[in-house]
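# Structure assessment
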Amino acid sequence: MSHVLFDEEKCIGCGKCVEDCCAGNLYLENGKPKSKESGCIECGHCYAICPTGAVSMPEYDCSNCDRVGSFTRFDEDEMLLAMKSRRSIRRFKNQPVTAEQIHKIIEAGRYTATASNSQNVTFTVISGEKLAEIEKAGVDFFRKLIRLAKPFSSYARDVVIDDHFFFFNAPVAILVSEMKSTFGGNVNGALAAAHMEVQAESMGLGVLYSGFTVINAKINRKVKKILSLGKQEKPVACLVIGYPDVKYHRIPPRKHAKVRELS
């Protein structure tokens, strides 16, 4: 069964779906769109561009797909200012993040582009006892590593791993993983995480990318067991999320952009 269906009664034969098919899978026959036997990546462009709603994708979640927005609704200078003003947060208030907020953050990740529309990104929401359990396992593991590394590393000699080294008392973390795929590498998961961060920031939340948690999820057996990730799931990013308990008054400087212009 095809994942994309065309209603010939609703179809006006405009050909927009054919023109916009990035896989070159559609063609017109007697003024109606037809699909080749193979090649469809189920990207939904034909569904989105059809002016009459003649395209359906019955095996997909099509709820809330009847409205479209645009980034042009936001002032471009204000958008850039907000992007430059975001900070990695390591001090969080004792205030919960709601299930609705988490849902919206994951929606931002779910709708992020993936290579060849692979949709191979998964999200593990960690809170409560599991958050504490993973943090303790991570702290114990890293303290052992630091002890072994101290004779050889100045960083190991200086770093202090306290009991909240990973999540900084935040109420929730979301681990973004990517299923192993021929396409995308780790780009799909990284892009999803970036979009999720922007969504979280728009709701007044703060975010920290916890690279140490990603390392834990990859090499710490105890943490891997708690997370129960599939064999094909590769952790890409961990977003530690909560309400910031810190206020910044200016944008920190950055080095000049390294730009190469070709024309």
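One structure accompanies this document, and this report is about it. The residue numbers shown here count from 1 along each chain, following its written sequence. Thresholds applied to this predicted model are a pLDDT of at least 70 for local features of residues and 80 or more for the giving and counting of side-chain atom pairs; totals over whole chains, interfaces and linings are not thresholded and use all residues. Hydrogens and waters are ignored; side-chain quantities use all the structure's heavy atoms.

### Considering the nonpolar core
Our working definition: For the purposes of this section, nonpolar cores are sets of buried Ala, Val, Leu, Ile, Met, Phe, Trp, Tyr and Cys residues that join through side-chain atoms within 4.5 Å. Working definition: with a 1.4 Å probe on protein chains only, accessible area under 20% of the residue-type maximum means buried, over 50% means exposed, and in between means partly exposed. Numbering of helices and strands runs from the N terminus, with a helix taken as a DSSP run of H or I at least four residues long and a strand as a DSSP run of E at least two residues long. It only takes one pair of heavy atoms within 4.5 Å for two residues to be counted as in contact.
In terms of nonpolar packing, the biggest core is built from 26 residues, with Ile 134, Ile 161, Phe 167, Leu 227 and Val 240 touching the most fellow members. Mapped by element, the contributors of at least two residues to this core are α5 (128-149), β6 (172-179), α8 (211-219), α9 (221-227) and β8 (233-242). Considering every element that reaches this core, the biggest residue donor is α5, with six residues. In this view, Val 240 contacts Phe 92, Phe 166, Phe 167, Ala 170, Val 172, Ala 173, Gly 206, Val 207, Leu 208 and Ser 210; residues no more than four positions away in its chain are not counted. Core analysis: the second largest hydrophobic core is formed by 20 residues, Ile 102, Val 172, Ala 193 and Ala 200 among them.

### Focus: a positive patch on the surface
Put simply, the rule reads: A patch consists of residues whose relative accessible area exceeds 30% and which take part in no salt bridge; residues with like charges are grouped when within 9 Å of each other, and nonpolar side chains (Val, Leu, Ile, Met, Phe, Trp, Tyr) when within 5 Å. Only the protein chains shown count as covering a residue, and every accessible area follows the Shrake-Rupley method with a 1.4 Å probe. The salt bridge criterion pairs a side-chain nitrogen of Lys or Arg with a carboxyl oxygen of Asp or Glu, the two atoms within 4 Å. Asp and Glu count as negative and Lys and Arg as positive, but His and the ends of the chain are not part of the count. We put the charge of a Lys on NZ, of an Arg on CZ, of an Asp on CG and of a Glu on CD.
Side chains of Lys 144, Arg 147, Lys 150 and Lys 222 sit close together on the surface and give a patch of like positive charge. The residue Arg 147 is located in helix α5 in this model. Residue Arg 147 is classed as exposed on the basis of its relative accessible area, which comes to 55%.

### Quick look at α5
Spelled out, the test is: Expected helix span is computed as 1.5 Å times (number of residues minus one).
For α5, spanning 22 residues, the distance from its first C-alpha to its last is 32 Å, which sits close to the expected 32 Å at 1.5 Å a residue. Looking at α5, one finds that the buried residues are Leu 131, Ile 134, Glu 135, Ala 137, Gly 138, Val 139, Phe 142 and Ile 146. Of the surrounding elements, those touching the buried residues of α5 are β5 (121-127), α6 (154-158), β6, α8 and α9.

### Points about unusual backbone geometry
Even without a glycine there, the phi angle at Asn 117 is positive, about 55°. Relative to the helices and strands, Asn 117 is located in the loop between α4 (99-110) and β5. Residue classification places Asn 117 among the buried positions, given a relative accessible area of 19%. Even without a glycine there, the phi angle at Gln 119 is positive, about 45°. Within the element layout of this structure, Gln 119 appears in the loop between α4 and β5.

### Structural notes on empty space enclosed by the protein
Just so we agree on the cut-off: The definitions used throughout rest on a 1 Å grid laid over the protein atoms alone, on which a cavity is an enclosed set of points accommodating a 1.4 Å probe that cannot get out and a pocket is an open set flanked by protein within 12 Å on both sides along at least five of seven lines; lining residues are those having an atom within 4 Å of a point. Grid points are joined across faces, edges and corners, and a volume is the space filled by probe spheres set on the points. For this scheme, ten residues count as nonpolar: Ala, Val, Leu, Ile, Met, Phe, Trp, Tyr, Cys and Pro. Four count as charged, namely Asp, Glu, Lys and Arg, and the remainder, Gly too, count as polar.
Counted under the stated rule, the structure contains two cavities of 30 Å³ or more. Along the wall of the largest cavity there are 15 residues; nearest its centre are Cys 21, Asn 25, Leu 26, Cys 40 and Cys 46. Looking at the lining of the largest cavity residue by residue, the classes come out as 10 nonpolar, four polar and one charged. By volume, the second largest cavity is sized at about 110 Å³. Lining the second largest cavity are 15 residues; nearest its centre among them are Cys 11, Cys 14, Cys 17, Pro 33 and Cys 50. Grouping the constituent residues of the lining of the second largest cavity by class yields 11 nonpolar, three polar and one charged.

### Structural notes on the sheet that holds β5
Defined as follows: Only strands joined by at least two bridges in the DSSP assignment are considered to pair. A fitted line through C-alpha atoms serves as each axis, taken over the contacting stretch for helices, and the angle formed by two N-to-C directions is quoted from 0 to 180°.
Across the sheet, which stays open at both edges, the four strands sit in the order β5-β6-β8-β7 with antiparallel pairing between neighbours. A strand with exactly one partner marks an edge of an open sheet, and here the two such strands are β5 and β7 (206-209). In this sheet, adjacent strand axes meet at a mean angle of 25° when their direction is disregarded. Where β7 and β8 come together, four bridges link them in antiparallel fashion.

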